[in-house]
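A closer look at the structure
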Amino acid sequence: MKKIAKNILLTLLFLTLSVLTAVLIYIHFFQSDDRDLSGEWTTEFDMTKQAAVTAFVWLQDMEAVSISLEDVEDYMQELTIAVNLTMEQTGQDEGIFRCNIDPESYDVCTQTAYEAYAAAFKALVAERLDMAGYAGSTDEEAIEALVTETFGMSTVSYLESCAPALLPSLEELQVLYDGSGTYKTEEGILTRYFDEKGPEAAKAEYYIRKDSYLILSEEAGTDISDSGQYPMIYTLKPSQ
């Protein structure tokens, strides 16, 4: 099952990267000469595909019922987590930065994902009961009551406790993306030096600044297939 999920995720990632790469190329030919990256930037990680694939692999193992990835995706829509990036230029081609996952958006995304997960699960339970000739009600409220009676907890709590996690933990994402320090830009590469992670901790990414958009492409010197969310398109927040 893990291999199936991995293959599906890789295919979806390839399609997403193809679209984003096209956007990157377009903006590249019309990019401005503004190398000042100062401002508050925000982007969103789309977690819909990852959550849908994880749920699909687990749900399809339910006996006597079938479900497709498309069916699960219909339940899970627009699952995003916000990432904030603040940049302040302090000298020519250099400055300070701060980056963090928005905890509130993570909580909302997680809650929404599990509510959708629960809806898909209850629909399959209802289908299975109907196939077995169950005489009682199989509407959503009745199935929720049945799950609570059977497992001693709500459907959402049951899935959170017993099913594979739909999303990486907040702590895992914070390790990957949170941090502050200094940055330098040179020949289209943005290098960020993280204070909390030691003097050797640096992240070098190709970047393009175009008006209110900042695009960070794959990490310089790495294989884009390992870069996960790249390219990332940040939008400049309006001044308060």
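All right, on to the environment of leucine 124 then. Mapping leucine 124 onto the fold places it in helix α4 (residues 103-131). Along the chain, leucine 124 and valine 65 lie 59 residues apart, while their C-alpha atoms are 6.7 Å from each other. Every residue in contact with leucine 124, bar those within four places of it in the chain, is listed here: Leu59, Met62, Val65, Ser66 and Ile67.

Now for the pairing of strand β4 (residues 179-186). Here strand β3 (residues 94-101) pairs with β4 via six bridges, running antiparallel. When the sheet's bridge partners are listed, glycine 95 is paired in β4 with tyrosine 183. Bridge count between β4 and strand β5 (residues 189-194): six bridges; the pairing is antiparallel. Bridge pairing links glutamate 186 to isoleucine 189 in β5. The hairpin turn running from β4 into β5, its antiparallel successor, is two residues long, and glutamate 187 in that turn takes a positive phi close to 50 degrees.

On to helix α6 (residues 155-162). For α6, the full list of buried residues reads Thr155, Val156, Tyr158 and Leu159. Projected down its long axis, α6 carries its buried residues within an arc of 160 degrees, all on one side. If you follow the buried residues of α6, they end up packed against α2 (48-59), α4 and α5 (140-151).

Note: β5 against strand β6 (residues 202-210), five bridges, orientation antiparallel. Opposite tyrosine 193, over in β6, you have alanine 202 as the bridge partner.

Definitions and limits used
Residues numbered from 1 in each chain as written. Predicted model: local features only at pLDDT ≥ 70, side-chain atom pairs only at ≥ 80, totals over all residues. Heavy atoms only, no water. Helix = DSSP H or I, 4+ residues; strand = E, 2+ residues; numbered from the N terminus. Contact = heavy atoms within 4.5 Å. Pairing = 2+ DSSP bridges. Buried < 20%, exposed > 50% of the residue type's maximum accessible area, 1.4 Å probe, protein only. Arc of directions from axis to C-beta.

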